[in-house]
Amino acid sequence: MMRLTVRTTRRCELVDITDQVAGAVKKSGVTEGILLVYCPHTTAGITINENADPSVSLDITMKTGKIIDRRDPDYRHGEGNSDGHVKSSLVGASETLVIENGEPVLGTWQGIFFTEFDGPRTRSVFLKIIPG
Amino acid sequence: MMRLTVRTTRRCELVDITDQVAGAVKKSGVTEGILLVYCPHTTAGITINENADPSVSLDITMKTGKIIDRRDPDYRHGEGNSDGHVKSSLVGASETLVIENGEPVLGTWQGIFFTEFDGPRTRSVFLKIIPG
Amino acid sequence: MMRLTVRTTRRCELVDITDQVAGAVKKSGVTEGILLVYCPHTTAGITINENADPSVSLDITMKTGKIIDRRDPDYRHGEGNSDGHVKSSLVGASETLVIENGEPVLGTWQGIFFTEFDGPRTRSVFLKIIPG
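How each quantity is defined
Residues numbered from 1 in each chain as written. Chains lettered and ligands numbered in written order. Predicted model: local features only at pLDDT ≥ 70, side-chain atom pairs only at ≥ 80, totals over all residues. Heavy atoms only, no water. Contact = heavy atoms within 4.5 Å. Buried area = accessible area lost by both parts, 1.4 Å probe. Salt bridge = Lys/Arg side-chain N within 4 Å of Asp/Glu carboxyl O. Helix = DSSP H or I, 4+ residues; strand = E, 2+ residues; numbered from the N terminus. Nonpolar A, V, L, I, M, F, W, Y, C, P; charged D, E, K, R; others polar. Polar contact = N/O pair within 3.5 Å; in protein donor to acceptor, adjacent residues only side chain to side chain. Pairing = 2+ DSSP bridges. Axes fitted to C-alpha atoms, helices over the stretch in contact; angles between N-to-C directions. Buried < 20%, exposed > 50% of the residue type's maximum accessible area, 1.4 Å probe, protein only. Least-squares fit on C-alpha atoms with pLDDT ≥ 70 in both.

Participant: I'm lost on the interface of chain A and chain B in this one. Help?
Facilitator: The accessible area lost on association of the parts is a frequent measure of interface size. Taken together, the 33 residues of chain A in the interface contact 29 residues of chain B. Between chain A and chain B the total buried area reaches about 2,600 Å² when both faces are included, carbon and sulfur atoms providing 60% of it. Here chain A is connected to chain B by 4 salt bridges. Taken together, the elements giving at least two residues each to the side of chain A that touches chain B come down to strand 3 (33-38), strand 4 (44-50), helix 2 (55-67), helix 3 (82-91), strand 5 (94-100) and strand 8 (122-131) of chain A. For the side of chain A that touches chain B, the element with the highest residue contribution is helix 2 of chain A, accounting for 10 residues. For the side of chain A that touches chain B, a count of residues per class yields 16 nonpolar, 10 polar and 7 charged.

So this is what it looks like as structure tokens:
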């Protein structure tokens, strides 16, 4: 298993980790298989979406923030980050990708993002490759 | 890696790809392992849900469309499909299944769906099998 | 493939299955690889979130219930559980984890949960390990 470090700078944001992930896959020397990109945090997640226009990430942050609002009087968890926990379960803790020719296979517009929902923090991402 | 082609006919719909996926697994000759069903598009995804009653798919399309509405004045991405990008990140780019006896293992009511959120388009699905 | 049984006691709840999953991994004897935790039901799912404070699970159940309300006159599926199907597609049917030293690798605050959205019922969870 490999580990990446991701530094986030806002409470909620999508951080493009495509290059870091692709670099780690290259370093592993594995040419064919699958790759698990895993977030070990409970107020964050991993998603795949467009990284050509940065406004897409901003729209995802904005819209999920409207749907899962930060202040709901019915939240019971006392840390003020229940919204982040809910978003984490909806976005999901991981993404799995195909590896071909030593690279993660992405669609034309796809990038891999760390989704921060309770930052800014220094976060980790776990990478696990299964050759095959 | 194998590729499927999916033709969608509406802006938002769930397309049942269970038979196409099962056919590809059979063709691979792999009897035991896991299967990654991956969507390389940023306004679409993959989900597993009921395929016995088609109204379930319609309810998923309807309800996600109400929650993540198409027209929000705060969207910044200029293509008019920000809703599709947000839905894509919530539904997720892939699903992973168990393969046993040469078939994807599904629950009684489960089918595999391509979720279109900005169609109609001709789309691709990547399939990757890891024997084991 | 291994199977777990999960008994749920409410219509909507998160059931912590971390110990059951870790026990099955230990029993398998596999020390390194990946683990697929798969839900074969269409009104339930699998998520990873905080299991230290039980109020986090309650907040997830509460908030998803507000967003995807049970009674929407536009639901077409006649069983009164369309909300459960929608939640199932947003939370997702599975999670994949890394296995190291014979254990699923989790972050400090992470636990593995079965997410019930149409209980109470007796449910199954499939586990599949790929060594590597």
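Participant: How do you make sense of the side chain of Asp59(C) when you look at a structure like this?
Facilitator: Mapped onto the fold, Asp59(C) is located in helix 2 (residues 55-67). At 2.6 Å, the side chain of Asp59(C) forms a polar contact with the side chain of Ser82(A). Beyond its immediate chain neighbours, meaning those up to four positions away, Asp59(C) contacts Asp74(A), Tyr75(A), Arg76(A), His77(A), Ser82(A) and Val86(A).

Participant: Looking at this structure, how should I read the interface of chain A and chain C?
Facilitator: Between chain A and chain C, the contact holds 29 residues from the first and 33 residues from the second. Approximately 2,600 Å² of surface area, both sides summed, lies buried where chain A meets chain C, with 60% of it carried by carbon and sulfur atoms. Linking chain A to chain C there are 4 salt bridges. Across the pair Lys66(C) and Asp72(A) runs a salt bridge, and its minimum N-O distance is 2.9 Å. For the pair chain A and chain C, the interface holds 16 residue pairs in polar contact (both at pLDDT 80 or more). Secondary structure elements with two or more residues in the side of chain A that touches chain C: strand 3, helix 3, strand 5 and strand 8 of chain A. Per-element accounting of the side of chain A that touches chain C gives the leading share, 6 residues, to helix 3 of chain A. Considered class by class, the residues forming the side of chain A that touches chain C number 14 nonpolar, 10 polar and 5 charged.

Participant: What's the story with the sheet that holds strand 4 (residues 44-50) of chain C in this structure? I'm lost.
Facilitator: What holds strands together in a sheet is hydrogen bonding between their backbones, with the strands either parallel or antiparallel. Residues and elements named next belong to chain C. A sheet is described by the order of its strands in space; here 3 strands give the open sequence 2-7-4, paired in antiparallel fashion. Across the chains shown, the open sheet's two edge strands, defined by having one partner strand only, are strand 2 (13-16) and strand 4. Geometrically, the sheet is characterised by an average inter-axis angle of 35° between neighbouring strands, direction not taken into account. With 4 bridges joining them, strand 2 and strand 7 (residues 110-116) adopt antiparallel strand pairing. Within strand 7, the position partnered with Leu14 by the bridge is Thr115.

Participant: What exactly am I supposed to notice about the pattern of salt bridges here?
Facilitator: Side chains that carry opposite charge are capable of pairing whenever their charged atoms lie near each other. A complete count under the given rule lists 24 salt bridges over all chains for this structure. Between Asp72(C) and Lys63(B) there is a salt bridge; the shortest N-O distance is 2.7 Å. Residue Asp72(C) is found in the loop between helix 2 and helix 3 (82-91), and its partner Lys63(B) is found in helix 2 (residues 55-67); the two belong to separate chains. Exposure remark for Asp72(C): the relative accessible area of 8% places this residue in the buried category. Take Lys63(B): its relative accessible area is 4%, and that puts it in the buried class.

Participant: I would appreciate a short explanation of the relation of the copies chain A and chain C in the present structure.
Facilitator: Both copies of the chain are related through a single rotation about an axis accompanied by a shift along the same axis. With an RMSD of 0.0 Å, the operation that places chain A on chain C is a rotation of 120° combined with a shift of 0.0 Å along the axis. Given the turn and translation reported, the copies of this chain are related as if by a three-fold rotation axis. Residue Leu90(A) of chain A places its C-alpha closer to the rotation axis than any other residue of that unit, at 3.3 Å. A distinct binding surface is used by each copy, with only 17% of the interface residues of chain A retained as interface residues in chain C.

Participant: Is there a simple way to think about the relation of the copies chain A and chain B in this case?
Facilitator: For the match of chain A to chain B, the screw axis carries a shift of 0.0 Å, the RMSD comes to 0.0 Å, and the turn is 120°. Mapped onto chain B, only 15% of the interface residues of chain A are again interface residues, and the two copies thus contact each other with different surfaces.

Participant: Just checking my understanding: could you explain the sheet that holds strand 2 (residues 13-16) of chain A for this structure?
Facilitator: Residues and elements named next belong to chain A. With antiparallel pairing, 3 strands are arranged side by side in an open sheet as 2-7-4. Two strands lie at the open edges of the sheet, namely strand 2 and strand 4, each paired on one side alone. Each neighbouring strand pair of the sheet contributes to a mean axis angle of 35°, computed without reference to strand direction.

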